[in-house]
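One letter stands for each residue in the lines below.
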Amino acid sequence: MARTDVIVLGAGIVGTSIALHLVKRGVAVALVDRGGPGQGTSYGNTGIIEGNTIFPQAFPSDWLALLRIALKRAPEANYHLTLVPKVAPWLLAFRAASRPERLIETAELMRPFFARAAAEHEALIAEAGAERYLRRTGWLKLYRGDKSFAAQARERDMAARLGIANVPLDGEAARALEPSLAPVFKHAVHWTGAMSVSNPLALTRAYAARFAALGGITLQGDARSLHRAEPHWRVDTASGPLDAGDVVVALGPWAPDLLDPLGITLPLAVKRGYHRHFSARGNAALSRPILDAENGYCLTPMEQGIRLTTGAEFAARDAAPTPVQFDRLLPAAHELFPLGEPVEAEPWLGARPCFADSRPVIGRAPRQRGLWLAYGHGHWGLTLGPATGRLIAEMITGATPFCDPAPYGAERFTH
Ligand SMILES: Cc1cc2nc3c(=O)[nH]c(=O)nc-3n(C[C@H](O)[C@H](O)[C@H](O)COP(=O)(O)OP(=O)(O)OC[C@H]3O[C@@H](n4cnc5c(N)ncnc54)[C@H](O)[C@@H]3O)c2cc1C
């Protein structure tokens, strides 16, 4: 029987970073995925590595915004009516977690983790030789009106308190940074400490290649075959069954497929999101990711073109794509930037794995010896992948964790 120390299930940015951190500590690791590294949710994100995030995405507090979403007129969000009864408890918990005092609490609990995010990427990028994908040009958030800009004052106050660099700009100064943007916005904030990558898939692949170079093994297999073969865990892979004393579940939005049958039912929902690449007309270009705050979409320069990513869609993970948000936001996007033709025939669809309190679950699984959880990174899985890798690797090897893992424990749902 083939045996290794640790099996990591799921080769997204989270699982691949965990596998790499473990192998660097001399642990024998097999990384198992049904496809290739980085082809799940980690393939299609906006590419922002955001050590600057302060408040998580919140449930709308403005009734007008909520009404627009309910009437399916909002560019920033969509939902499938059939899912609403099923997801209602999660939405209520999300709304409760979006109260101002809870947002501050979440920001404080997540801060030590986010504070480490950029440095952990930089370290892995350097050793994986992936510098060509990294931009240190920050993230530019645009506000078309005074009201939406003023609404960010609380976040900027907290940023000042935490020492997180940001530069408020008027429209003209922002256009000096990004001359291809049209003058349709009045204000901007340049979050100068944020980084971004020009190809998230290539980044995960580079980390996977580094893992392999250090002796890690990547195998194809269905994580749902995981079962106890005392005294170990066993997974069936394309190369035969594989045993290990420890298993890390890093399956992103697919984690419940494995965990529910094991009796570990944690309240995960998905916020689906789409992307589509566009050519840029003429010499138009972007140097950094852009958020159009009122319209809730981002534009990021990627190797494939300008990637337009959408906000949240509440729908079942596996329901057919309904990319209606593009119809609602494309007029605003065309007004802002000279987008040319779409590169692909159809938009890409992914599912952000989200807990209502906007914290991932990282640590031991309840009641299952040797089983570890690392999923539910929501809007910030690319950012937090390498920091998660370090944290889990430190916990598994008995080292002192770089931050207190308690806020990310599964126990917050099981007690
Ligand atoms: C539109 C959009 C924009 C985003 N923008 C950003 C951003 O700018 N910055 C940021 O930090 N985050 C962003 N995110 C979030 C981020 O992409 C995710 O949080 C992150 O990719 C999750 O990574 P993961 O490794 O947990 O999951 P995944 O990448 O989904 O990896 C899970 C892996 O599990 C494998 N798997 C599933 N089931 C099985 C099975 N049965 N057997 C074997 N393998 C299996 C899959 O093949 C997959 O490779 C965005 C997300 C979306 C959708």
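Preceding this section is the structure that the text describes.
These figures come from a predicted structure and were not determined experimentally. (Residues numbered from 1 in each chain as written. Predicted model: local features only at pLDDT ≥ 70, side-chain atom pairs only at ≥ 80, totals over all residues. Heavy atoms only, no water.)

Before going further, it helps to spend a moment on the overall build of the protein. When helices and strands are tallied, the protein shows twelve helices and 22 strands. By the compact-globule yardstick of 22 Å for 415 residues, the protein fits well, its C-alpha radius of gyration being 21 Å. Judged by the C-alpha coordinates and their principal axes, the protein covers about 65 × 45 × 45 Å. Every one of the 415 residues in the protein was classed for burial, and the buried ones make up 57%. In the protein, 78% of the contacts between residues at least 6 apart in sequence involve partners at least 24 apart. Accessible area of the protein: about 16800 Å², with a carbon and sulfur share of 55%. (Helix = DSSP H or I, 4+ residues; strand = E, 2+ residues; numbered from the N terminus. Rg over C-alpha atoms; globule rule 2.2 N^0.38 Å. Buried < 20%, exposed > 50% of the residue type's maximum accessible area, 1.4 Å probe, protein only. Contact = heavy atoms within 4.5 Å. Areas by Shrake-Rupley, 256 points an atom, 1.4 Å probe, with all protein chains shown as cover.)

Read from one edge of the open sheet, three strands run β3-β9-β5, paired in antiparallel fashion. Each edge of the sheet is formed by a strand with only one pairing partner; in this case those strands are β3 (48-49) and β5 (134-135). One ladder, built from two bridges, connects β5 with strand β9 (residues 195-197); its direction is antiparallel. Each bridged residue has a counterpart across the sheet, and for leucine 134 the counterpart in β9 is valine 197. (Pairing = 2+ DSSP bridges.)

On to helix α1 (residues 13-24), then. With twelve residues, α1 extends 16 Å from end C-alpha to end C-alpha; this agrees with the ideal 16 Å at 1.5 Å per step. Counting buried residues in α1 gives eleven out of twelve residues, a clear majority hidden from the surface. When we look at burial in α1, the residues that qualify are Ile13, Val14, Gly15, Thr16, Ser17, Ile18, Ala19, Leu20, His21, Leu22 and Val23. In the stretch just after α1, glycine 26 is the one whose phi turns positive, near 80°. (Expected span 1.5 Å × (residues − 1).)

Now for the packing of aromatic side chains. A complete count under the given rule lists ten aromatic pairs for this structure. Pairwise contacts between aromatic rings join Trp90, Phe94 and Phe314 into one cluster. Geometry around phenylalanine 402 places arginine 116 over its ring, the cationic atom sitting 4.9 Å from the centre. A cation over a ring is seen here: arginine 156 above phenylalanine 149, with NZ or CZ 4.4 Å from the ring centre. (Phe/Tyr/Trp six-rings, centres within 6.5 Å; stacked < 30°, edge-to-face > 60°. Lys NZ or Arg CZ within 6 Å of the ring centre and 35° of its normal.)

Before going further, it helps to examine the pairing of strand β8 (residues 187-191). Among the five residues in β8, five count as buried, and that is most of the element. Burial of β8 is two-sided: the residues His187, Val189 and Trp191 facing one way and the residues Ala188 and His190 facing the other way are all buried. Relative to β8, strand β6 (residues 139-143) is paired through five bridges, and the arrangement is antiparallel. Paired with leucine 140 across the bridge in β8 is histidine 190. Across four bridges, the pairing between strand β7 (residues 167-170) and β8 is antiparallel. When the bridges of β8 are listed, valine 167 appears paired with histidine 190.

Okay, the site of the ligand next. Taken together, the neighbourhood of the ligand is formed by 31 residues, with Asp33, Thr41, Ser42, Ala223 and Thr383 sitting nearest. Contact between the ligand and arginine 34: a nitrogen atom at 3.1 Å from a main-chain N or O atom of the residue. Here threonine 41 contributes a side-chain N or O atom positioned 2.5 Å from an oxygen atom of the ligand. Look at the ligand: alone it shows 1000 Å² of surface, and the protein chains cover 97% of it. Counting residues per element, the ones that place at least two in the shell around the ligand are α1 and α11 (381-397). The dominant element in the shell around the ligand, judged by the number of residues it contributes, is α11, at three residues. Counted by class, the shell around the ligand contains eleven nonpolar, 15 polar and five charged residues. (Near = heavy atom within 4 Å. Polar contact = N/O pair within 3.5 Å; in protein donor to acceptor, adjacent residues only side chain to side chain. Nonpolar A, V, L, I, M, F, W, Y, C, P; charged D, E, K, R; others polar.)

The next subject is the nonpolar core. Counting residues in each nonpolar core, the largest one holds 52 residues, and the members touching the most others are Val8, Ile18, Leu22, Phe113 and Val248. When residues in this core are grouped by element, the largest group, eight residues, is from helix α4 (residues 100-128). Apart from residues lying up to four places away in sequence, valine 248 is in contact with Val6, Ile7, Val8, Leu9, Ile18, Trp372, Ala374, Ile392 and Ile396. Ala30, Leu219, Val235 and Leu268 belong to the second largest nonpolar core, which has 27 residues in total. (Core = buried A, V, L, I, M, F, W, Y, C linked by side-chain atoms within 4.5 Å.)

Next up on the list: the pairing of strand β13 (residues 240-249). When a strand is regular, its side chains alternate between the sheet's two faces. The sheet contact formed by strand β1 (residues 2-9) and β13 spans seven bridges and is parallel. Bridge assignment links valine 6 to a residue of β13, and that residue is aspartate 246. The pairing of strand β12 (residues 232-237) with β13 spans five bridges and is classified as antiparallel. Looking across to β13, one finds that threonine 237 is bridged to glycine 240. Here β12 hands over to β13 after two residues, the two strands then running antiparallel side by side.

Assignment of secondary structure puts threonine 46 in the loop between β2 (29-33) and β3. Residue classification places threonine 46 among the buried residues on the basis of a relative accessible area of 16%. Spatially, the C-alpha atoms of threonine 46 and isoleucine 290 are 9.7 Å apart, while their sequence positions differ by 244 residues. There is a polar contact of 2.8 Å between the side chain of threonine 46 and the side chain of threonine 309.

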